[in-house]
Amino acid sequence: MSYVEQVLKNLKKTNPNQPEFHQAATEILTTLAPVVDAHPEYQKAALLERFVEPERVIMFRVPWVDDKGKVHVNKGYRVQFNSAIGPYKGGLRFHPSVNLSIIKFLGLEQILKNSLTGLPIGGGKGGSDFDPKGKSDREIMSFCQSFMTELYRHIGADTDVPAGDIGVGGREIGYLFGQYKRICDEHVGVLTGRGLSYGGSLVRTEATGYGLVYITEEAMKMRGDSFKGKTVVISGSGNVAIYACQKAQQLGAKVVAMYDSNGYIYDKNGVNLDVVKDIKEVKRGRIKEYAERVSGAEYHEGCSGIWNIPCDVALPCATQNEINKASAEALVKNGVKYVAEGANMPSDLEAIDTFRKAGVVFLPAKAANAGGVATSALEMAQSSGRLFWSFEEVDAKLKNIMVNIYHNIDNAAKKYGYEGNYVMGANIAGFVKVADAMMAHGIV
Ligand code: NDP
């Protein structure tokens, strides 16, 4: 049995009932074999065993009171996975599906993603099984304050800097930051995605979606292609999806479909993003309303049908495992040329394999959605330097980072004999830097 196989076997045995964590670890470790084989010293130093074991896992109770006076208790998590190259960095997810397996898969991915940005940030992730849907602002505030009342003692501007993720946007970051500041009496860059009036960075809101389109644009450019005239399908209608749609439209693409967790809209004339933003960002409503407001648009109950819509580019931007083998086959049959992951692990292992065999240009999440965390790191730089950069300045830095990530993963894939395989390229390029730092630190 190879070193990688041994580590994976042991990981599954010692972390039972964590299917998402197993899936992410399998995807990552199986692609690292060429690097691990070239460095026998890694096995001697139990480097992979240490790489897949979080440095620290924090789990806590989050009690809060709803508007009717009823007391609720949710689970809170922060997994501080790897700080070899910088302070832990990664979002907080509030969604009823959140559990330790999901936070660990996200944390593991985050280590390599953060490394790929080229910036000094380690990997972490956190969240809660709290469901923000249908809650009043006061209930959200009550929950966020309770969550931070425990979390504050574990984080810090040079220790661990959380940000948003599913269910955690500007409103939640505001409440979390307010409580941190109140307890610690420190106005520091301890969270990113902050509002512009209290230390946030321009472009952070747009960053993940814009970055996704920038890296896809670079992959297209290298093939003499562009977004102009392309038909695009985007899943989700949250932060990442909305700004991916905006940038793709600015570059001349036609986005024809989006969804939320109830169903999808199809607008053959091209999605009117102002209407989507009004429904999702202003009214916090359901995507279904789009078809009631825009003539010619259709609404379909259920999500998976979206992948049957013919498109040149698919940008999954909602959640993990939203594209399975059948959905991938439907996309391929209808001629998809580029798939770039805005969400984390939206394609399962069989779907990735289907894209690879069909020659689809596939950009995996840890490279394709790294623009969000990269811009968070730019927010950290502005916070510690007491600076405020213009929109154009941050956007140019973001674009530059995404273009560099593309070439970095492309070169790594080529170097190890897997040209065009960006899953290999991203995992290897991200891992090499973290491995070097871990080896330099000794057995810690
Ligand atoms: P949001 O909460 O803003 O939006 C999430 C969107 O996905 C919503 O439309 C939501 O629908 C939909 N969704 C969530 N869960 C499901 C599900 N189980 N089935 C179908 N649809 C679902 O989150 P973000 O846009 O911030 O995050 C989306 C993805 O991007 C996540 O995978 C996240 O980890 C990843 N990501 C986000 C970054 C960021 O900067 N925000 C950075 C890097 C990655 P509904 O409204 O019905 O819940």
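Note that this is a predicted model, so its numbers are computed, not measured.

Caption draft 1: Fine view of the site of the ligand. Among the 26 residues in the neighbourhood of the ligand, the closest are listed as Asp 165, Thr 208, Ser 261, Arg 286 and Asn 344. Residue Asn 239 places a main-chain N or O atom 2.9 Å away from an oxygen atom belonging to the ligand. Coverage of the ligand by the protein chains reaches 84% of its 890 Å² of free accessible surface. Contributing elements (two or more residues each) for the shell around the ligand: α9 (204–221) and α10 (239–250). Considering only residue class, the shell around the ligand consists of 7 nonpolar, 12 polar and 7 charged. The residues that make up the shell around the ligand include at least three from each of domain 1 (54–188) and domain 2 (207–368).

Caption draft 2: Quick look at the side chain of His 22. Tracing the backbone through its elements, the reader meets His 22 in helix α2 (residues 19–31). Look past the residues within four positions of His 22 in its chain and what remains in contact with it is Leu 11, Lys 12 and Asn 15.

Caption draft 3: Geometry of the sheet that holds strand β5 (residues 160–163). Taken in spatial order, the 5 strands line up as β1-β2-β4-β3-β5 in an open sheet, and their pairing is mixed. Each of the sheet's edge strands pairs with one partner strand only, and the pair in question is β1 (56–65) and β5. On average, each strand axis in the sheet is tilted by 20° relative to the strand beside it, whichever way the strands run. Against the sheet, helix α6 (residues 100–116) contacts β1, β2 (71–82), β3 (88–94) and β4 (122–128), and its axis sits at roughly 150° relative to β4.

Caption draft 4: Representation of the pattern of salt bridges. For the structure shown, the criterion picks out 22 salt bridges. The residue Asp 260 makes a salt bridge to Lys 280 at a minimum N-O spacing of 3.1 Å. Taken together, the residues Asp 260 in the loop between β7 (254–259) and β8 (263–266) and Lys 280 in helix α11 (residues 273–282) connect sequence positions 20 residues apart. Judged by relative accessible area, which is 7%, Asp 260 ranks as buried.

Caption draft 5: Quick look at the domain arrangement of the protein chain. Segmentation of the protein chain into domains returns domain 1 (54–188) and domain 2 (207–368). Of note, the centres of domain 1 and domain 2, computed from C-alpha atoms alone, are 27 Å apart. Listed per partner, the contact involves 13 residues of domain 1 and 11 residues of domain 2. By the criterion of area lost to domain 2, the three top residues of domain 1 are Phe 105, Glu 109 and Lys 113, representing 43% of everything that side buries. On inspection of domain 1 and its partner domain 2, the count reaches 1 salt bridge. The residue Lys 366 makes a salt bridge to Glu 109 at a minimum N-O spacing of 3.3 Å. Its residues placed into classes, the side of domain 1 that touches domain 2 shows 6 nonpolar, no polar and 7 charged.

Caption draft 6: Representation of the environment of Ile 242. Within the secondary structure, Ile 242 is located in helix α10. The spatial distance from the C-alpha of Ile 242 to the C-alpha of Thr 216 is 16 Å, given a sequence separation of 26 residues. Dropping the residues within four chain positions of it, Ile 242 is found in contact with Ser 237, Met 258, Leu 273, Val 276, Lys 277, Lys 280 and Glu 281.

Caption draft 7: Just the nonpolar core, in detail. Ile 234, Met 258, Tyr 290, Leu 315 and Leu 363 are the most contacted members of the largest nonpolar core, which totals 64 residues. For this core, the domains that each give at least three residues are domain 1 (54–188) and domain 2 (207–368). Residues contacting Met 258, with those up to four places away along its chain left out, are Ile 234, Gly 236, Ser 237, Ala 241, Ile 242, Cys 245, Tyr 264, Ile 265, Val 271, Val 276 and Ile 306. The next biggest cluster of nonpolar side chains, apart from the first, holds 34 residues, and it includes Val 7, Val 36, Leu 47 and Ile 428.

Definitions and limits used
- Residues numbered from 1 in each chain as written.
- Predicted model: local features only at pLDDT ≥ 70, side-chain atom pairs only at ≥ 80, totals over all residues.
- Heavy atoms only, no water.
- Near = heavy atom within 4 Å.
- Polar contact = N/O pair within 3.5 Å; in protein donor to acceptor, adjacent residues only side chain to side chain.
- Areas by Shrake-Rupley, 256 points an atom, 1.4 Å probe, with all protein chains shown as cover.
- Helix = DSSP H or I, 4+ residues; strand = E, 2+ residues; numbered from the N terminus.
- Nonpolar A, V, L, I, M, F, W, Y, C, P; charged D, E, K, R; others polar.
- Domains from an automatic or database assignment.
- Contact = heavy atoms within 4.5 Å.
- Pairing = 2+ DSSP bridges.
- Axes fitted to C-alpha atoms, helices over the stretch in contact; angles between N-to-C directions.
- Salt bridge = Lys/Arg side-chain N within 4 Å of Asp/Glu carboxyl O.
- Buried < 20%, exposed > 50% of the residue type's maximum accessible area, 1.4 Å probe, protein only.
- Buried area = accessible area lost by both parts, 1.4 Å probe.
- Core = buried A, V, L, I, M, F, W, Y, C linked by side-chain atoms within 4.5 Å.

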